[in-house]
Amino acid sequence: MSLPQTAASVSGTFDSIPVVDIGCVSTPEERAALAQQIRDACMNVGFFYISNHGIPQETIDEVFSAMKAYFSLPLETKMKLYHKEVANFKGYAPVLDSNIDPANRGDLHESFEIGWEELLAKENDEKRVNDGAMSGANIWPLEPAGFREACLGYYHAAVGVGKVLFRLFALALDLPETYFDDKTRDSAANMQVLHYPPQTGSDDDRIQCFTILWQEPGIQALQVLNSESRQWINAPPIPGTLVVNIADQLARWTNDVFRSTVHRAINRSGVRRHSIPLFFGTDYHVQIEPMPSCVSPERPPKYEPIAAGDYVRKRLEEKYHQNATFS
């Protein structure tokens, strides 16, 4: 594979979101073929579904049940863990509390956000909870029972998928397969469980390197913008798949070879909708600057270097209109 050296070689025209089966990665040839599919999706769409991702259905069912029970609690109960009164960006956020687009009045969902935490305590836990924009330990509601275990069970399974994807992204960028390994030892991975009431507004979140999204089955809400035709393309839930989208940080890192595509979630189904995005990034100390394979005389660097943690902190402060406090 060779990467494009001019923006003109990236079409941005699509009428559907591709599905990539990541279950067959046992041989170099299989990984190379997968990397080619992912490369095409990242350059031309910025989104793709993944099948055979390896997260057990039981794990998904448990977190889905737990989040539905949590969001059914009275607002005053949920507000006891309001994120602006506890640790950095963790905890509960009501409808309209965040706003990723200043042109909107606020994001029409409520959420509960967590960062890294082992199910069982380990020696490196203290380092992880005091590192970066999501510093500080997670906070957990007293009810429903099993909420913490269900969320962390899914969280760690999705982080495992993210590690696989980073290796495939490396191959897709004509880099050694292990290129990201030393940059993702303590990956910044924050997860939200989301509840969308029926709505008419939109939501768009592109902070980290990429997002792994589970969508509630049977409810169409996610849409991706075709930048050429200016048409919104539906990305409906497909059984057995997750949605992966390229976020701003990875687009910046690849000098816009990989696309960070405008998207939104509009729940016009008339019923409540739930989803789980896991925003996957690098270790916070990693410098984000255009990779050598994405730079040439015809495609000079577009961005100044910035530490990943500083970038995430800046975007989260913009989203929640607040300043982060670091441990």
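Here the structure is shown first, and the text comes after it.
Residues numbered from 1 in each chain as written. Predicted model: local features only at pLDDT ≥ 70, side-chain atom pairs only at ≥ 80, totals over all residues. Heavy atoms only, no water.

**Q** Tell me about the environment of Arg-272, residues and numbers included.
**A** For Arg-272, the location among the structural elements is in the loop between β10 (263-265) and β11 (273-280). Residues Arg-272 and Lys-68, spaced 204 residues apart in sequence, show a C-alpha to C-alpha distance of 9.6 Å. For Arg-272, the contacting residues outside a window of four places in its chain are Lys-68, Phe-71, Ser-72, His-195, Tyr-196, Pro-198, Glu-216, Ile-219 and Asn-267. Here Ser-72 takes part through its side chain, which lies 3.3 Å from a polar atom of the side chain of Arg-272. (Helix = DSSP H or I, 4+ residues; strand = E, 2+ residues; numbered from the N terminus. Contact = heavy atoms within 4.5 Å. Polar contact = N/O pair within 3.5 Å; in protein donor to acceptor, adjacent residues only side chain to side chain.)

**Q** Please provide a residue-by-residue account of the packing of aromatic side chains, values included.
**A** Per the counting criterion, the structure on display carries 18 aromatic pairs. For the pair Tyr-70 and Phe-147, a centre-to-centre distance of 5.1 Å together with 35° between the ring planes defines the contact as tilted. A residue pair is termed long-range when its members are at least 10 positions apart, and Tyr-70 in helix α2 (residues 57-71) and Phe-147 in helix α5 (residues 147-172) qualify at 77 residues. For the pair formed by Tyr-70 and Phe-147, the shared burial category is buried. Taken together, a centroid distance of 5.3 Å and an interplanar angle of 15° make the contact between Phe-210 and Phe-280 stacked. (Phe/Tyr/Trp six-rings, centres within 6.5 Å; stacked < 30°, edge-to-face > 60°. Buried < 20%, exposed > 50% of the residue type's maximum accessible area, 1.4 Å probe, protein only.)

**Q** Describe the packing of α2 against α5, listing the residues and the values that go with them.
**A** α5 packs onto α2 with a crossing angle of 135° between their chain directions and a minimal axis gap of 8 Å. When the axis of α2 is compared with that of α5, the two are oblique. By crossing handedness, the relation of α2 to α5 is classed as left-handed. Along the contact surface, α2 presents Thr-59, Ile-60, Glu-62, Val-63, Ala-66, Met-67 and Tyr-70, while α5 presents Phe-147, Ala-150, Cys-151, Gly-153 and Tyr-154. The class makeup of the residues in the contact of α2 with α5 is 9 nonpolar, 2 polar and 1 charged. (Axes fitted to C-alpha atoms, helices over the stretch in contact; angles between N-to-C directions. Parallel < 35°, antiparallel > 145°, perpendicular 65-115°, else oblique. Left-handed = near helix turned anticlockwise from the far one by under 90°. Nonpolar A, V, L, I, M, F, W, Y, C, P; charged D, E, K, R; others polar.)

**Q** Give me the lowdown on the layout of surface pockets, citing residues and values where you can.
**A** Reported here for the largest pocket is a volume of approximately 280 Å³. Along the wall of the largest pocket there are 20 residues; nearest its centre are Trp-214, Pro-217, Ile-238, Pro-239 and Gly-240. If you list the elements that add at least two residues to the lining of the largest pocket, you get α2, β6 (210-215) and β9 (241-246). (1 Å grid on protein atoms, 1.4 Å probe; cavity = no way out; pocket = protein on both sides within 12 Å on 5 of 7 lines; lining within 4 Å. Points joined across faces, edges and corners; volume = space filled by probe spheres on them.)

**Q** Give me the pattern of salt bridges: which residues, what numbers.
**A** Should the charged atoms of two oppositely charged side chains come close, the side chains can pair. Enumeration over the complete set of coordinates arrives at 9 salt bridges. Its salt-bridge partner being Asp-40, residue Arg-39 comes within 3.5 Å of it at the nearest N-O pair. Given a relative accessible area of 11%, Arg-39 falls into the buried group. A salt bridge links Asp-310 to Arg-313; its shortest N-O distance comes to 3.4 Å. A residue pair is termed a helical-turn pair when its members lie 3 or 4 positions apart in one helix, as Asp-310 and Arg-313 do in helix α7 (residues 308-320) at 3 residues. You can call Asp-310 partly exposed: its relative accessible area is 38%. What makes Arg-313 partly exposed here is its relative accessible area of 28%. One salt-bridge network, in which partners are shared between bridges, spans Glu-117, Arg-148 and Glu-149. (Salt bridge = Lys/Arg side-chain N within 4 Å of Asp/Glu carboxyl O.)

**Q** Give me the lowdown on the pairing of β9, citing residues and values where you can.
**A** Across the 6 residues of β9, 6 count as buried, placing the element largely inside the fold. Across 5 bridges, the pairing between strand β2 (residues 47-51) and β9 is antiparallel. Within β9, the position partnered with Tyr-49 by the bridge is Val-243. When β6 meets β9, the two strands line up antiparallel, connected through 4 bridges. Of the residues in β9, the one forming a bridge with Ile-212 is Val-244. (Pairing = 2+ DSSP bridges.)

**Q** Residues and numbers for the nonpolar core, please.
**A** Counting residues in hydrophobic clusters, the biggest one holds 69 residues, and the most contacted among them are Phe-48, Tyr-154, Phe-169, Val-193 and Phe-258. Element by element, the count of residues in this core is highest for α5, at 16 residues. Leave out the neighbours within four places in its chain, and Tyr-154 touches Ile-55, Thr-59, Ile-60, Val-63, Met-191, Trp-214, Leu-242 and Ile-276. Counting residues in each nonpolar core, the second largest holds 11 residues, with Val-45, Phe-47, Leu-222 and Ala-235 among its members. (Core = buried A, V, L, I, M, F, W, Y, C linked by side-chain atoms within 4.5 Å.)

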